[in-house]
Amino acid sequence: MPEDRGSTVPKLYARQRIILNLLLEGLDRKSIALHLGISVNTVSGYCKEIYRHFRVNSQAALMARFYLGNGGDVS
């Protein structure tokens, strides 16, 4: 897994990078919402943006990209 765990991925806003890191740690949406003090719906919106950015459809697929060393940014 990359050391920065997504912190240097271009084209993601700071909040998206934070949520990306929490997703890669295996936290679910409810846990992320509690951790950040935001609603689950807000987290869901960020997750959709992140999944679209990396062209995946689930947290498992996102994690697989990073664990396989293929977490690079897509155009």
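These figures come from a predicted structure and were not determined experimentally.

So, the overall build of the protein chain
Then comes step 1: Looking only at helices and strands, one finds 4 helices and 0 strands in the protein chain.
Then comes step 2: The N-to-C order of helical and strand elements in the protein chain reads α-α-α-α.
Then comes step 3: Counting all 75 residues of the protein chain, 35% fall into the buried class.
Then comes step 4: For the protein chain, the proportion of contacts with a sequence separation of at least 24, taken over those separated by at least 6, is 42%.
Then comes step 5: Here the protein chain displays about 4600 Å² of accessible surface, and carbon together with sulfur accounts for 51% of that area.

Notes on the packing of aromatic side chains
Then comes step 1: As enumerated under the stated definition, the model contains 1 aromatic pair in all.
Then comes step 2: When the centroid spacing of 5.5 Å and the interplanar angle of 70 degrees are considered together, the rings of Phe54 and Phe66 count as edge-to-face. With Phe54 in helix H3 (residues 40–54) and Phe66 in helix H4 (residues 59–67), this residue pair connects regions lying 12 residues apart in the sequence.

Things to note about the confidence of the model for the protein chain
Then comes step 1: Chain-level statistics for the protein chain give a pLDDT mean of 85 and a share of 77% at 70 or above.
Then comes step 2: By mean pLDDT, the top-scoring element of the protein chain is helix H2 (residues 29–36) (97), and the lowest-scoring one is H4 (90).

Looking at the side chain of Gln16
Then comes step 1: With respect to the helices and strands, the residue Gln16 is situated in helix H1 (residues 14–24).
Then comes step 2: Here the side chain of Gln16 touches Tyr13 through a polar contact of 2.7 Å, landing on its backbone nitrogen.
Then comes step 3: Side-chain polar atoms of Gln16 contact the side chain of Glu49, separated by 2.7 Å.
Then comes step 4: Apart from the residues lying within four places of it in its own chain, the contact partners of Gln16 are Lys11, Tyr46, Glu49 and Ile50.

A word on H1
Then comes step 1: Looking only at H1, the buried set comprises Gln16, Ile19, Leu20, Asn21, Leu22, Leu23 and Leu24.
Then comes step 2: Turning to H1, the residues buried within the fold contact H2, H3 and H4.
Then comes step 3: Gly26 lies just past H1 and shows a positive phi near 95 degrees.

Notes on the packing of H1 against H3
Then comes step 1: Closest axis-to-axis distance for the H1/H3 pair is 10 Å, and the angle between their directions is 85 degrees. If you check the angle between H1 and H3, you find them roughly perpendicular. Residue-level inspection shows Arg15, Gln16, Ile19, Leu20 and Leu23 of H1 in contact with H3, the latter providing Tyr46, Cys47, Glu49, Ile50, Tyr51 and Phe54.
Then comes step 2: A per-class count over the contact of H1 with H3 returns 8 nonpolar, 1 polar and 2 charged.

Comments concerning the environment of Ile19
Then comes step 1: The residue Ile19 is located in helix H1 in this model.
Then comes step 2: In this structure, the C-alpha to C-alpha distance between Ile19 and Ile50, residues 31 residues apart in sequence, is 8.6 Å.
Then comes step 3: Excluding anything up to four places from it in sequence, Ile19 contacts Ile32, Leu36, Tyr46, Cys47 and Ile50.

What counts and how
- Residues numbered from 1 in each chain as written.
- Predicted model: local features only at pLDDT ≥ 70, side-chain atom pairs only at ≥ 80, totals over all residues.
- Heavy atoms only, no water.
- Helix = DSSP H or I, 4+ residues; strand = E, 2+ residues; numbered from the N terminus.
- Buried < 20%, exposed > 50% of the residue type's maximum accessible area, 1.4 Å probe, protein only.
- Contact = heavy atoms within 4.5 Å.
- Areas by Shrake-Rupley, 256 points an atom, 1.4 Å probe, with all protein chains shown as cover.
- Phe/Tyr/Trp six-rings, centres within 6.5 Å; stacked < 30°, edge-to-face > 60°.
- pLDDT = per-residue confidence, 0-100.
- Polar contact = N/O pair within 3.5 Å; in protein donor to acceptor, adjacent residues only side chain to side chain.
- Axes fitted to C-alpha atoms, helices over the stretch in contact; angles between N-to-C directions.
- Parallel < 35°, antiparallel > 145°, perpendicular 65-115°, else oblique.
- Nonpolar A, V, L, I, M, F, W, Y, C, P; charged D, E, K, R; others polar.

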